[in-house]
Amino acid sequence: MPTAPNPTTMIAAPATAPIESPPPPALLSPTGGVVGDTTGEVVGNAVGDSVGLVVGLSVVLVGLLVGVSVGAFVGVFVGLVVGVSVGVSVGALVGLNVGVPVGAFVGVFVGLVVGVSVGAFVGALVGLAVGVSVGALVGALVGLAVGVSVGALVGALVGLDVGVSVGAFVGAFVGLDVGVSVGAFVGALVGL
């Protein structure tokens, strides 16, 4: 249930007049506020734009420098790696293609020159050895055949000459001996 109000605590507040704000100074007019707002907005926008432009350009410039530096480094590194790899591959391929024909040509040329020289030298030595051996054999055979033939002819001639001389001498001697014997025998028969 509700309590009754305490008469000792119910003291009425004195009546006061409402507080009114002082009127604005004469310098603060609505036109001045508009001009001040406009001027502040223009100046603030200009300063903000300038600061923003400077900061933006600084950020762009820093980003550009960092990007160019990193891009150049990465580009040089990648270009170096790729260039070295491609250069080694191309160099090896070109060197192989060029080196094999040139090496073969030089090898054939050198081999031909050396081979002809060595072959001529060896051929001369072998030919000389074989030629001397064959020549000595052929010379001995020919010399033997010719010598036998000439010897037989000379022997026959000498033998004929000597035989005729000896035969004449023997015949004269035998004829003299036989003639004397026969003559003596015949003379004896006739004398008898």
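Residues numbered from 1 in each chain as written. Predicted model: local features only at pLDDT ≥ 70, side-chain atom pairs only at ≥ 80, totals over all residues. Heavy atoms only, no water.

1. Considerations on the overall build of the chain
Stated precisely, the cut-off is as follows: A run of H or I in DSSP becomes a helix once it reaches four residues, and a run of E becomes a strand once it reaches two; helices and strands are each numbered from the N terminus. When accessible area is computed with a 1.4 Å probe and restricted to protein chains, residues below 20% of their type maximum are described as buried, those above 50% as exposed, and intermediate ones as partly exposed.
Each helix and strand counted, the chain has 1 helix and 0 strands in total. The buried share of the chain, reckoned over its 192 residues, is 0%.

2. Examining the packing of aromatic side chains
The line we're drawing: Two aromatic rings from Phe, Tyr or Trp, using only the six-membered ring of Trp, form a pair when their centres are within 6.5 Å; if the ring planes differ by under 30 degrees the pair is stacked, by over 60 it is edge-to-face, and anything between is tilted.
Across all of its chains, the model carries 2 aromatic pairs by this definition. Ring centres of Phe105 and Phe109 lie 6.5 Å apart, and the angle between their planes is 15°; this geometry places the pair in the stacked category. On the criterion of helical spacing, the pair formed by Phe105 and Phe109 is a turn pair, its members being 4 residues apart in helix 1 (residues 30-191). For Phe109, a relative accessible area of 52% translates into the label exposed.

3. Considerations on the environment of Gly131
This is how the line gets drawn: By the convention used here, residues are in contact when the closest approach between their heavy atoms is within 4.5 Å.
Within the fold, Gly131 resides in helix 1. Taking the relative accessible area as the measure of exposure, Gly131 reaches 38% and is therefore partly exposed. Setting aside chain neighbours within four positions, we find Gly131 in contact with Val126 and Ala136.

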